[in-house]
Amino acid sequence: MSDRTIDPPLTPPPEPVTEPLPPARNPRDPVRVAVVGLFVIALLFTLYFGRDVLLPIMLALILSLLLRPCVRGLYRLGLPEALGAAVVVLLVMSAGLGAIYTLTTPATEWVNRMPRVVHELEFKLGDIREGIDRAREASRQIEQMASDRNGAAREVVVRGPSLAEQVLHQAEAVIANVVILLVLLYFFLARGRQSLEALIGTMRDVDDRVHYAMVAATVQQNIAAYLATITVINIGLGLATALAMWLWGVPNAALWGTLAGLINYVPFIGPAVMTAVLFLVSALTFDGGLHIFGPPLTFVALTMMEGNFLTPMIVGRRLALNPIAVFVSILFWGWMWGIPGALLAVPILAILKILFDAHEPLKPIGALLG
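As the structure is a prediction and not an experimental result, all values here were calculated from the model.

**Some thoughts on the overall build of the protein**
The helix and strand tally for the protein stands at twelve helices and zero strands. N-terminal to C-terminal, the α/β element order of the protein is α-α-α-α-α-α-α-α-α-α-α-α. Going through the 370 residues of the protein one by one, you find that 26% of them count as buried. Within the protein, contacts between residues separated by at least 24 positions form 68% of all contacts whose residues are at least 6 apart in sequence. Roughly 25,800 Å² of accessible area belongs to the protein as shown, and the carbon and sulfur atoms make up 69% of that amount.

**Some thoughts on the pattern of salt bridges**
Within the structure shown, the criterion is met by five salt bridges. Here Arg-68 ties to Glu-81 by a salt bridge, and the two come within 2.8 Å at their closest N and O atoms. Highlighted residues: Arg-68 in helix 2 (residues 51–76) and Glu-81 in helix 3 (residues 81–112), separated in sequence by 13 residues. For the pair shown, Arg-68 and Glu-81 are each scored as buried. Salt-bridge contacts for Glu-81 lead to Arg-193; the nearest nitrogen and oxygen are separated by 2.9 Å.

**Some remarks on the environment of Ala-86**
With respect to the helices and strands, Ala-86 occurs in helix 3. Considering only alpha carbons, one finds Ala-86 and Leu-182, 96 residues apart in sequence, at a separation of 9.9 Å.

**Focus on the UniProt feature "transmembrane region" (unreviewed entry) in the protein**
Mapped onto this numbering, the UniProt entry annotates "transmembrane region" (unreviewed entry) at residues 31–48, 54–71, 83–104, 167–189, 223–248, 268–286, 293–315 and 335–356. Between the first and last C-alpha atoms of residues 31–48 the distance is 26 Å; the span itself is 100% helix and 0% strand. The straight-line gap between the two end C-alpha atoms of residues 335–356 is 23 Å; of that span, 100% is helix and 0% is strand.

**So, unusual backbone geometry**
With phi around 55°, Asn-252 is a residue other than glycine that occupies positive phi space. On the basis of relative accessibility, which here comes to 22%, the residue Asn-252 falls in the partly exposed class. With a phi angle near 70°, Phe-268 is a residue other than glycine that sits in the positive phi range. Mapping Phe-268 onto the fold places it in the loop between helix 8 (253–263) and helix 9 (269–285).

**Topic: the packing of helix 2 against helix 11 (residues 323–357)**
Relative to each other, helix 2 and helix 11 sit at 45°, their axes nearing to 10 Å. In terms of orientation, helix 2 and helix 11 fall into the oblique class. Here helix 2 and helix 11 pass one another in a crossing that is left-handed. Contacts between helix 2 and helix 11 involve Arg-51, Leu-54, Leu-55, Met-58, Leu-59, Ile-62 and Leu-65 from the former and Met-336, Trp-337, Pro-340, Leu-344, Pro-347, Ile-348 and Ile-351 from the latter.

**A few points about the nonpolar core**
With 29 residues, the main nonpolar core has Val-219, Ile-223, Trp-333 and Trp-337 as its most contacted residues. Those elements giving two or more residues to this core turn out to be helix 2, helix 7 (206–248) and helix 11. It is helix 11 that contributes the most residues to this core, 16 residues altogether. Apart from the residues lying within four places of it in its own chain, the contact partners of Trp-333 are Leu-47, Gly-338, Gly-341, Ala-342, Ala-345 and Ile-348.

**Overview of helix 9**
Relative to the 24 Å expected for 17 residues at 1.5 Å per residue, helix 9 spans 24 Å between its end C-alpha atoms, a close match to the ideal helical length. Listed in full, the buried residues belonging to helix 9 are Gly-270, Pro-271, Met-274, Leu-278, Val-281, Ser-282, Ala-283 and Leu-284.

**Things to note about the packing of aromatic side chains**
Per the stated rule, a full pass over the model turns up nine aromatic pairs. Summarising the aromatic geometry, the rings of Phe-279 and Phe-293 are spaced 5.5 Å apart at their centres and angled 45° between planes, so their arrangement reads as tilted. One end of the pair, Phe-279, is in helix 9; the other, Phe-293, is in helix 10 (residues 289–315), and 14 residues separate them in sequence. One aromatic cluster in this structure is built from Phe-45, Tyr-48, Phe-49, Phe-332, Trp-333, Trp-335 and Trp-337. In this structure, Arg-51 is placed above the aromatic ring of Tyr-48, and the distance from its NZ or CZ to the ring centre is 4.5 Å.

**Quick word on the packing of helix 7 against helix 8**
Two elements in contact, helix 7 and helix 8, have axes separated by 7 Å at closest approach and are oriented at 150°. With respect to helix 8, the axis of helix 7 lies roughly antiparallel. Crossing handedness for the pair helix 7 and helix 8: right-handed. Counting all contacts with helix 7, which are made through Asn-234, Leu-237, Gly-238, Thr-241, Ala-242, Met-245 and Trp-246, the residues of helix 8 involved are Ala-253, Ala-254, Trp-256, Gly-257, Ala-260 and Gly-261.

**Overview of the side chain of Thr-303**
With respect to the element layout, Thr-303 can be found in helix 10. A relative accessible area of 13% means that Thr-303 is categorised as buried. At 2.8 Å, the side chain of Thr-303 and the backbone oxygen of Val-300 are in polar contact. Contact partners of Thr-303, with chain neighbours within four places excluded, come to Leu-237 and Pro-271.

Definitions and cut-offs
- Residues numbered from 1 in each chain as written.
- Predicted model: local features only at pLDDT ≥ 70, side-chain atom pairs only at ≥ 80, totals over all residues.
- Heavy atoms only, no water.
- Helix = DSSP H or I, 4+ residues; strand = E, 2+ residues; numbered from the N terminus.
- Buried < 20%, exposed > 50% of the residue type's maximum accessible area, 1.4 Å probe, protein only.
- Contact = heavy atoms within 4.5 Å.
- Areas by Shrake-Rupley, 256 points an atom, 1.4 Å probe, with all protein chains shown as cover.
- Salt bridge = Lys/Arg side-chain N within 4 Å of Asp/Glu carboxyl O.
- UniProt positions renumbered as here; feature names shortened; annotations may be inferred.
- Axes fitted to C-alpha atoms, helices over the stretch in contact; angles between N-to-C directions.
- Parallel < 35°, antiparallel > 145°, perpendicular 65-115°, else oblique.
- Left-handed = near helix turned anticlockwise from the far one by under 90°.
- Core = buried A, V, L, I, M, F, W, Y, C linked by side-chain atoms within 4.5 Å.
- Expected span 1.5 Å × (residues − 1).
- Phe/Tyr/Trp six-rings, centres within 6.5 Å; stacked < 30°, edge-to-face > 60°.
- Lys NZ or Arg CZ within 6 Å of the ring centre and 35° of its normal.
- Polar contact = N/O pair within 3.5 Å; in protein donor to acceptor, adjacent residues only side chain to side chain.

This is the structure:
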């Protein structure tokens with residue numbers, strides 16, 4: 001017999017002892033969860049594919065919340081709501097037409113300068129362009145080798161609508177949406193209060209009537225004050241930007257000031273885009289490093305003062321929204337409705353927060369939003 005001893009079999013190391021997770025006290029009904037999930041999916045599809053109809057309605061509704069105090073003030077002066085709404089809409093339309101007329105000339109100049117601007121940009125970014133051309137040539141050679149190996153590839157050219165047809169189609173769509181927006185805005189201002197009172201009056205429970213009347217008043221007051229405050233701040237930022245660009249010698253300073261005021265309605269993303277635009281304009285206008293970086297850095301300083309000191313001091317905690325929720329809302333509504341959706345993202349989020357805070361089951365979501 002052999003003197004070799006047989007080693008005992010290896011045993012796996014003992015697993016760490018962990019406390020089992022306690023079961024949920026109120027488990028969710030799977031059927032209810034599935035129904036809610038299907039409802040959310042259907043709502044997303046409706047928002048996306050119905051944006052041509054829903055976008056003017058939402059924009060008119062938010063503008064009516066902003067302009068409702070003006071109609072109320074005219075009513076206190078003895079002007080009926082229908083007539084006061086017409087006056088407010090005409091003033092809004094006149095202001096819009098005046099801004100378009102004032103900014104058409106500088107905007108047209110930049111559009112006409114675009115070929116020369118592209119040429120100057122290609123000249124100043126020559127090294128980067130050469131690298132892109134080399135990469136493009138290498139890609140073309142690889143495609144040529146693949147086509148020679150697999151046989152001659154047929155090139156199919158699909159002719160789309162011309163540039164003039166696309167511009168005409170977009171202009172028609174914009175004019176139609178503006179007309180729809182103004183009509184909806186008038187009806188919201190002239191008949192919105194009566195319609196809301198009639199809807200609340202159909203509720204049988206008196207407590208429900210009082211509750212939803214208070215919710216509607218809260219939405220009206222807070223959103224109107226918030227939008228009015230943000231509008232005044234953005235106007236001040238636009239004026240400061242125009243003055244700064246004029247002092248730096250940037251051409252068409254009024255155009256960039258107006259664009260800065262409009263794009264500041266989109267937090268985080270708007271100022272970043274405006275900084276890039278000003279840097280591009282400076283790079284095409286000036287040659288020295290100080291002049292190139294001066295205008296965009298000045299705008300960054302103005303936006304930092306506005307975002308970190310001015311807006312928190314004026315707006316306060318009335319509608320203090322979670323920055324994460326704001327950024328996600330901008331991404332979501334921008335994906336849904338494009339640039340207009342990004343402009344409406346923060347007001348929509350503020351309205352949702354007020355509505356969630358007013359309903360007990362949805363208060364945790366309201367607390368998450370701000």
